Amino acid sequence: MNDFLVRGMTADGFVKITAVQTTQLVERARQIHKTLPLATAALGRTLTAASMMVNELKYDKGSVTLQIRGDGPLGTITTVSDSEGNVRGYLQNPSANLPLKVDGHLDVGNGVGEGLLTVIKDIGEREPFTGRIELQSGEIAEDVAAYYVLSEQIPTVCALGVLVDRDQSVKCAGGYLLQLLPGAPAGLVDLLEYRVQDVGSVTSNLEKGLNMRQVVEELLYGMGLQLMEEHPVAYECKCSRQKVESALISMGREELQKLIEEEGNAAVTCQFCDAVYDFKRADLEDLLKAQKK
């Protein structure tokens with residue numbers, strides 16, 4: 001099944017939910033960055049979270065950047081989502097590896113370590129909004145939930161899952177954000193906590209053949225769920241030769257001249273998709289001339 005994002009709300013208006021199925025896009029990220037399982041799980045969870053965090057954006061060119069900067073062997077993880085939930089990302093050490101936890105699961109928490117979670121929301125108006133908290137566990141889902149509670153004062157449950165197959169490919173991936181809106185009765189929290197436990201993990205549901213829309217329906221069964229939006233999402237890089245040219249020009253005349261004199265040419269690799277843009281001496285000299293105008 002193709003990846004998709006779905007949004008909904010309960011009939012009383014007290015609970016909103018965003019969920020996304022990301023199996024294909026996480027597998028695409030794995031192939032691009034050649035990640036080992038631990039890195040696949042960590043990057044996949046962060047991509048999945050970023051895809052859902054655009055639900056407040058109203059501007060069609062807005063974006064959300066989610067960065068996990070920990071002191072663990074994975075290093076910094078950076079993901080960016082556009083206003084439709086299409087994502088791209090990379091991490092510092094795709095070959096990081098740790099022993100499995102005692103329950104047999106990948107040890108993402110220790111792979112990430114201690115550090116900061118940063119969210120940058122660019123809604124196309126004024127300066128982007130930046131929120132930052134200390135990582136709570138490094139497991140990413142708990143950290144994203146804590147971000148909403150601490151930075152935006154929105155009670156939130158975040159569930160993220162990436163199941164890596166024996167051949168290191170992504171067997172399934174997805175997640176959901178379950179959030180309480182102002183005025184929600186106190187007893188609703190207990191009900192939702194019970195539902196989350198009863199429904200089980202994201203990957204267990206996906207592995208047995210459900211999709212994320214069905215998971216949402218299970219979570220909010222009997223609460224008058226109204227699905228408001230559903231559309232496909234994908235791993236989508238925004239790089240182009242024109243953007244790379246602009247980046248080279250932004251180096252400044254002295255640095256660009258130095259590059260021409262010392263290297264004669266340049267090969268610029270996109271961090272998000274590994275696309276390589278080659279610039280010969282003549283190309284760089286043209287950029288230098290353009291900068292002087």
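Refer to the structure above for everything that follows.
Source: prediction; values computed, not measured.

Q: What's the story with the packing of helix α1 (residues 23–33) against helix α2 (residues 37–52) in this structure? I'm lost.
A: To characterise two packed helices, one gives the angle between the axes of the helices and the distance between these axes. Following both chains from N to C, one finds α1 and α2 inclined at 130°, their axes separated by 10 Å at the closest point. The pairing of α1 with α2 is recorded here as oblique in orientation. Crossing of α1 over α2 shows right-handed handedness. Taken together, the residues of α2 that come into contact with α1 (itself represented by Leu-25, Val-26, Ala-29, Arg-30 and His-33) are Thr-40, Leu-43, Gly-44, Leu-47 and Thr-48.

Q: Whenever I open this one, unusual backbone geometry confuses me. Can you help?
A: Most peptide bonds adopt trans geometry, and most residues besides glycine take a negative phi value. For Lys-34, which is not glycine, the phi torsion reads 55° and is therefore positive. For Asp-274, which is not glycine, the phi dihedral falls at a positive 65°. Relative to the helices and strands, Asp-274 is located in the loop between β11 (266–269) and β12 (276–279).

Q: I tried to follow the pairing of strand β6 (residues 115–122) on my own but got confused; where do I start?
A: Walk down a regular strand and you will see the side chains alternate between the two sheet faces. Pairing geometry for strand β3 (residues 63–70) and β6, over eight bridges, is antiparallel. Each bridged residue has a counterpart across the sheet, and for Ile-68 the counterpart in β6 is Leu-117. Direction of pairing for β6 relative to strand β7 (residues 129–134): antiparallel, over a ladder of six bridges. When the sheet's bridge partners are listed, Leu-117 is paired in β7 with Ile-133.

Q: Would you mind going over the sheet that holds strand β10 (residues 226–232) with me for this structure?
A: Two pairing modes exist for strands in a sheet, parallel and antiparallel, and in both the strands are linked by backbone hydrogen bonds. Pairing within the open sheet is antiparallel, and its five strands lie in the order β8-β9-β2-β1-β10. Here the strands that pair on one side only, and so sit at the sheet edges, are β8 (156–164) and β10. Direction aside, the axes of adjacent strands within the sheet are offset by 10° on average. Of the pairings in the sheet, the one linking strand β2 (residues 15–21) to strand β9 (residues 170–180) comprises seven bridges and is antiparallel in character. Across the sheet, the residue bridging to Lys-16 is Gln-179, located in β9. Its contacts with the sheet put helix α4 (residues 141–151) on β8 and β9, and the angle it makes with β8 is roughly 160°.

Q: Can you help me understand the environment of Ser-51 in this one?
A: Note that Ser-51 resides in helix α2. Aside from chain neighbours lying at most four places away, what touches Ser-51 is Leu-5, Val-20, Ser-81, Gly-85, Val-87 and Val-233.

Q: Any chance you could explain the packing of aromatic side chains here in plain terms?
A: Given two aromatic rings, one states the distance between the centres and the angle between the planes to describe the pair. A complete count under the given rule lists two aromatic pairs for this structure. Aromatic side chains Tyr-90 and Phe-272 sit 5.2 Å apart centroid to centroid with 70° between the ring planes, which places their arrangement in the edge-to-face category. In this pair, Tyr-90 sits in strand β5 (residues 87–91) while Phe-272 sits in the loop between β11 and β12, placing the two residues 182 residues apart along the sequence. Of the residues examined, Phe-272 reaches a relative accessible area of 17% and is grouped as buried. Centre to centre, the rings of Tyr-147 and Tyr-148 are 5.3 Å apart; their planes meet at 70°, and the pair counts as edge-to-face.

Q: Is there a simple way to think about helix α7 (residues 212–219) in this case?
A: Because each turn of an α-helix spans 3.6 residues, side chains separated by three or four positions in sequence point in the same direction. For α7, the full list of buried residues reads Met-212, Val-215, Val-216 and Leu-219. Seen end-on, α7 carries its buried residues on one side only, within an arc spanning 100°. Looking at the buried side of α7, the elements it contacts are β1 (4–9), β2, β9, α5 (187–199), α6 (202–207) and β10.

Q: Can you help me understand a negative patch on the surface in this one?
A: Where like charges cluster on the molecular surface, the negative patch consists of Glu-254, Glu-255, Glu-261, Glu-262 and Glu-263. Mapped onto the secondary structure, Glu-255 falls in helix α9 (residues 253–262). Owing to a relative accessible area of 43%, Glu-255 belongs among the partly exposed residues under this scheme.

Q: Just checking my understanding: could you explain the pattern of salt bridges for this structure?
A: As a working rule, side chains carrying opposite charge can pair if their charged atoms are close by. All chains considered together, the criterion is met by eleven salt bridges. As a salt-bridge pair, Glu-139 and Lys-101 come within 3.6 Å of each other at their nearest N and O atoms. Note that Glu-139 is positioned in the loop between β7 and α4 and Lys-101 in the loop between β5 and α3 (108–112), a separation of 38 residues in sequence. Linking Lys-171 and Glu-207 is a salt bridge whose minimum nitrogen-to-oxygen distance equals 3.2 Å. Here Lys-171 is found in strand β9, whereas its partner Glu-207 is found in helix α6, with 36 residues between them in sequence. Judged by relative accessible area, Lys-171 falls into the partly exposed class, the value being 42%. Taken together, the shared-partner salt bridges in this structure form one network comprising Arg-45, Lys-101 and Glu-139.

Q: How should the nonpolar core be read in this particular structure?
A: When a protein is soluble and globular, its nonpolar side chains tend to lie buried together. Counting residues in each nonpolar core, the largest one holds 52 residues, and the members touching the most others are Met-53, Leu-66, Leu-74, Val-112, Leu-117 and Val-144. Per-element accounting of this core gives the leading share, nine residues, to α2. If we skip the residues at most four places from it in the chain, Leu-66 touches Thr-46, Ala-49, Ala-50, Met-53, Ile-77, Thr-78, Thr-79, Leu-117, Thr-118, Val-119 and Val-144. Cys-172, Leu-180, Leu-188 and Val-196 belong to the second-largest nonpolar core, a separate cluster that totals 22 residues.

Analysis parameters
- Residues numbered from 1 in each chain as written.
- Predicted model: local features only at pLDDT ≥ 70, side-chain atom pairs only at ≥ 80, totals over all residues.
- Heavy atoms only, no water.
- Axes fitted to C-alpha atoms, helices over the stretch in contact; angles between N-to-C directions.
- Helix = DSSP H or I, 4+ residues; strand = E, 2+ residues; numbered from the N terminus.
- Parallel < 35°, antiparallel > 145°, perpendicular 65-115°, else oblique.
- Left-handed = near helix turned anticlockwise from the far one by under 90°.
- Contact = heavy atoms within 4.5 Å.
- Pairing = 2+ DSSP bridges.
- Phe/Tyr/Trp six-rings, centres within 6.5 Å; stacked < 30°, edge-to-face > 60°.
- Buried < 20%, exposed > 50% of the residue type's maximum accessible area, 1.4 Å probe, protein only.
- Arc of directions from axis to C-beta.
- Patch = residues over 30% accessible without salt bridge, like charges linked within 9 Å, V, L, I, M, F, W, Y side chains within 5 Å.
- Areas by Shrake-Rupley, 256 points an atom, 1.4 Å probe, with all protein chains shown as cover.
- Salt bridge = Lys/Arg side-chain N within 4 Å of Asp/Glu carboxyl O.
- Lys, Arg positive; Asp, Glu negative; His and termini not counted.
- Charge placed at Lys NZ, Arg CZ, Asp CG, Glu CD.
- Core = buried A, V, L, I, M, F, W, Y, C linked by side-chain atoms within 4.5 Å.

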